[in-house]
Amino acid sequence: MHGFRHGGSLCALVGLVCVVGCAAAWAQTTTQEGLAGAVEQLSGLAEKLETEGRLDPYGRMRVALAARFMDYFKEDAEKHPDTLGAYAARDLARIVAEESGRLKAIENGRAAPVDSPRRVASELPRIVREHLAQKVQWSDGRQEDRPVFLFGFGHDTHVQNDIELLAQMGINYCQAQLWWPGIVPAEGQWNQAWIDNMRRSIGRAGELGVLTDVIVSPHYMPGWAFEANPRWRIQLGGFLGWPINDPKPRALMAGWIERAVRELADTKAFWSACLINEPSFFFWTADPDTKRLWRSFLISRHGTVEKLNERWGTEYKDWSETSVYSNPNEDNYIDPPGSYDWMRFNDERIASFIEWLGERVHAAAPDKLTHAKLLTRSFRPYDVMQGIDPELIQRTADLAGTDDGAGPSYFLFKSIAAKPLVNSEHHFLGDGSTNDQPQGKVRRDLWLAALYGLDASIAWIWGRDSREYFVGNWSYRPGPTEEYLRTGLDLMRLMPEIVALREAPVRATILYSRTSVLRDSDHADLLTRTASALLEMNIPFGIVTEQMLSAGQVQKRHPSASVLILPGVAHLPQDAMDALPWVQRAGKSLITIGPDFAKFDAYHHPRKDVSISPLNVADPNAPAFTDRLRNALQQREVTSPIRFVDPETQKNLSGVIVRTAPIKRGHSTFSKREKVECPLFLATAVNVTDQPVRGVWTDHEGTVLTFEDQLNLQPGEPVTAVRLAERGVIFGLLAGSPWAVSSGE
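Residues numbered from 1 in each chain as written. Predicted model: local features only at pLDDT ≥ 70, side-chain atom pairs only at ≥ 80, totals over all residues. Heavy atoms only, no water.

**Student:** Got a sec to walk through the packing of helix α20 (residues 523-536) against helix α24 (residues 625-635)? Specific residues and values, please.
**Tutor:** α24 packs onto α20 with a crossing angle of 70 degrees between their chain directions and a minimal axis gap of 10 Å. Comparing their axes, α24 and α20 come out roughly perpendicular. On α24, the residues touching R529, T530, A533, L534 and E536 of α20 are F625, T626, L629 and L633. (Axes fitted to C-alpha atoms, helices over the stretch in contact; angles between N-to-C directions. Helix = DSSP H or I, 4+ residues; strand = E, 2+ residues; numbered from the N terminus. Parallel < 35°, antiparallel > 145°, perpendicular 65-115°, else oblique. Contact = heavy atoms within 4.5 Å.)

In C-alpha cells:
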C-alpha cells in the first residue's frame, strides 16, 4: 500500500515539523481567517493523498479533528476568548502546521505513511491471558490476529450523534447507558422506542468498527418506585439509594435488567456491560438489613461470643449486644476493636451484591463481558471501610474495571484480577474546568496506563450542552484530544509490544495489606514509593494481597519472583502471617520496609514472637530510599539487565519510568528486520516530571546501548544519548554497539 510503515520510526507523529518556515506558518494561522484557510489547505492535501492511497490513519484523524474543531473554535473564541478559545487557537494552529508539514513530506516522497490497524468489525475481542486480542486489518488489506487496545469516548447521545466523525478519527469503543427511568417511566409501562434507538445506535457504531460498553448500573431507580415504596428511599453513599438486600427492590431491579439486556443481547457490538458506577457504601445505619446481616457475619466468623470478646477485648454476654458501627467519615474516623471485621463484612456484602448484578446480565446475555467501574477505594482507612475490595469484586466479573486516572491502582487491579483491565470513565480533564492542559500530559498518562495494564479506555466526556460540567471537556480541546487519539492509534499499532513489556517475568512482589491500610498510616505511601522505585529501576513486579498470601497463591501467581516486599506492614492477619514461612520455603526472600513489621495481628493484639527474620530497609523516609532498596534487592540477586541512567552519574533518573523486554520476531517493530546480529530489546521510558532529562541506556555491565526510537525521532537514526522532554514518552529498540541490522527493504 504505497510503502506504509507498520513499525518504522514515527517521526511523523510527534515533533513532526521538519519543513523550513513552519514556525512562521504556525504564527500566521492563529487568527480565525488564517486557521480556516490552513485547515482548508490541509483538507485538500489529505484528499489528494487519499485518492493516491497514501493517507494514513493518523492523517485522517488529524484532518477530521481540525475540521470539527475549526467549527468549535468560532464559538469558543467568543465565549471563552482568554481561556478555552485561546488554548484551542494555539493547539489547532500547531496541529495543522505539523500535519501539513508531514503530509507534504509524504507527497514529495520524503516520508512514508504510518499505518495503524483497525478491528475487523465482524469479530469481537476475546480474552487471551490478561489482555484482549482479535483479528485486525491493515490499510493494505492484510489481516492478522493480535493484541488490541480499545479507546474512545463517553457517553450516550453526544457520542451517538458524532459516531461517524469519531470512528473516522480512529476510536473503536464507546459507551451508552440503559436509563431505567427512561425505559420504565411508570409501573407497568415499557418505552420500547428507547430500546429500539439504543439498538440502532449500537448497531451503527458496530458497522463503523466501534464496540459499545452498556451501563446497567442500579443507582438510578425510577421515582415511581420510591413513591410506591417510601421506605426504599435511603442513602447508602455515592449513587446508591435503596436497600440492596431487600428482596422486593431486588426483584424489580432483576426484572428490568434482564428484559432490557435481553432485548439488546443480539446486537453484536454490545460487547461489555458495566454493572455498577462508582460504588461507595458508608451510610450503613440507613439500611434496615445491616444489623441482621452483621450479626450473622459475626456468628459465622467467631462462633461464640467468648471468642469475639477475646479478639475484640469486649465483654458482651449475648450476640444481641453487638451494635452496628457508626458511619465513618474522613473527619472523625475512629479505629474501634472490631473495625477489621466491619471492613471484611462490608467487603463481602458488596462483592456479593455486584456478583448478583453480573448474574442478572448473564442470565439474559451469557456472552456479554461484565465489569464494575470501581473508584480507587484502596489506600486510606476511610476508603477500606466502604466495602470496595477490588479483589473480591473482580473475582466474579469477566473484566477488571476501574474509574481512575493512573497510578498504583492500575497495578493493584491488574495484579489481583489477572484479567484485561477496562477504564470506562477515564478522567484526564477536570469537569467544568477551563484551565490549560500541559502539552504531552494526556499522551503520557494514556501510555503509562497501558503500560501499567490498561486494555480499554473510554475517556470522559465528549460533547457540548448546557450542563456546566461539560464545559472544558474533550470537544473544547483540540490539543489533548489529538494526543488521546494519536496515542490510541499508537497503542493499536504497538499493542503486541506493550503486552511483551507487561509480561516481562516478574522479579519482585509487593504485599498490599488492607489490614495495614486500615490501621497503619504509612503502608499505602510506602507501597506507592516502593512501586515507583521498582519502576525507575526497571524491575518488573506484581502486587499480591493478604488473601493470596493466606491461600498459598503467591508462588502460583508469580513463580518467577524471588522477593516479597512488605512495605509498612505492622498489622497482618494471623493466617497471612502463618503463610510467610511457606513463601520462604518456595525460594522467595522477604524484605520489609519500615519498623514494627507484623508487630500486631488484625485485631491490634501485639505479637509475642515474630519467628521470621526478613531483610529490613530501615529509615524509608530518607532521601536515599531508592538506593537502599536497590542494595537490598542486589543482595537477593534481583537486578535489571537494562538501565536508563544519567550519563554523568550513572544513576537511575528520578521520575523516569522504565520497562524493557526481549524482542520477538512476531512484534511489528521487528517486521522490517530480516537479519539481526545483535540482541534486540523493546524499551520504553516515560518522564513523569515537568522537567526534561537526558539519559543513556546501559546493560548490567555499564556498556552504553544504541537506541532507535519508534515514536519521536527521524527514521534510521540510532543514538546513544536520549533527550526525554518534560512529560515525554519514548519507545523503541535497544541493541549492542555497533548497530548491525539490515532493513530488508
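Still more to cover.
**Student:** Explain the environment of V729 to me, and be specific about the residues and the numbers.
**Tutor:** Among the structural elements, V729 can be located in strand β25 (residues 729-735). Assessed through its relative accessible area of 6%, V729 is described here as buried. Remark: the alpha-carbon pair of V729 and L711, spanning 18 residues in sequence, is separated by 8.2 Å. (Buried < 20%, exposed > 50% of the residue type's maximum accessible area, 1.4 Å probe, protein only.)

**Student:** Describe the pattern of salt bridges, and please don't skip the residues or the numbers.
**Tutor:** Within the structure shown, the criterion is met by 51 salt bridges. Residue R68 is joined to D162 by a salt bridge in which the shortest nitrogen-to-oxygen separation is 3.0 Å. With a gap of 94 residues between them, R68 in helix α3 (residues 57-79) and D162 in the loop between α5 (156-161) and α6 (163-168) connect regions that are remote in the sequence. The exposure class of D162 is buried, given its relative accessible area of 13%. With a shortest N-O distance of 2.6 Å, R464 and D76 are connected by a salt bridge. Residue R464 is found in the loop between β12 (454-460) and α18 (478-502), and its partner D76 is found in helix α3; the two are separated by 388 residues along the sequence. For the pair R464 and D76, one class covers both residues: buried. Residues joined in a network through salt bridges with shared partners are D56, R62, R90, D91, R94, E98, E99, R102, D436, E482 and R486. (Salt bridge = Lys/Arg side-chain N within 4 Å of Asp/Glu carboxyl O.)

**Student:** Please set out the environment of I183 residue by residue, giving values where relevant.
**Tutor:** When you line up the elements, I183 lands in helix α7 (residues 180-183). For the pair I183 and W194, spaced 11 residues apart in sequence, the C-alpha to C-alpha distance is 6.2 Å. Ignoring anything within four residues of it in the chain, the contact list for I183 reads L178, Q189, W190, N191, W194, I195 and W256.

**Student:** An account of helix α13 (residues 339-364) is requested, with residue identities and associated values reported.
**Tutor:** In this model α13 runs 38 Å from its N-terminal to its C-terminal C-alpha over 26 residues, within 8% of the 38 Å that 1.5 Å per residue would give. Of all the 26 residues making up α13, 20 are buried; the element is thus mostly covered by neighbouring parts of the structure. (Expected span 1.5 Å × (residues − 1).)

**Student:** Please give an account of the sheet that holds strand β18 (residues 642-645) that cites residues and values.
**Tutor:** Sheet architecture is open: three strands sit in the order β18-β22-β24, paired in antiparallel fashion. Two strands lie at the open edges of the sheet, namely β18 and β24 (721-724), each paired on one side alone. Geometrically, the sheet is characterised by an average inter-axis angle of 30 degrees between neighbouring strands, direction not taken into account. Pairing of strand β22 (residues 693-699) with β24 involves four bridges; the strand directions are antiparallel. Bridging across to β24, V693 finds its partner in L724. (Pairing = 2+ DSSP bridges.)

**Student:** Any chance you could break down the sheet that holds strand β8 (residues 270-277) for me, citing the residues and the numbers?
**Tutor:** Pairing in this open sheet of eight strands is parallel, and the strands run β9-β8-β7-β6-β5-β12-β11-β10 from one edge to the other. Each edge of the sheet is formed by a strand with only one pairing partner; in this case those strands are β9 (369-373) and β10 (400-402). Pairwise comparison of adjacent strand axes, ignoring direction, gives a mean angle of 25 degrees for this sheet. Pairing between strand β5 (residues 150-154) and strand β6 (residues 173-177): two bridges, direction parallel. Bridge assignment links F153 to a residue of β6, and that residue is C174. Seen against the sheet, helix α8 (residues 192-207) touches β6, β7 (211-215) and β8 and runs at an angle of roughly 150 degrees to β7. Those strands touched by α18 are β5 and β12, and its axis lies near 150 degrees from that of β5.

**Student:** So what about the packing of aromatic side chains? Which residues, and what values?
**Tutor:** Scanning the model with the defined rule gives 29 aromatic pairs in all. Relative to W462, the ring of F69 lies with its centre 6.3 Å away and its plane at 85 degrees, an arrangement referred to as edge-to-face. Linking F69 in helix α3 with W462 in the loop between β12 and α18, this pair joins segments that are 393 residues apart in sequence. According to the relative accessible area criterion, F69 is buried, its value standing at 2%. By relative accessible area, which is 0% here, W462 ends up buried. Feature note: the residues F69, Y72, F151, F153, F428, W462, W474 and Y484 constitute an aromatic cluster, connected by ring pairs. The cationic tip of R464 hangs over the ring face of Y476; the distance from NZ or CZ to the ring centre is 3.8 Å. Above the plane of the ring of F625 lies R529, whose end atom (NZ or CZ) is 4.8 Å from the centre. (Phe/Tyr/Trp six-rings, centres within 6.5 Å; stacked < 30°, edge-to-face > 60°. Lys NZ or Arg CZ within 6 Å of the ring centre and 35° of its normal.)

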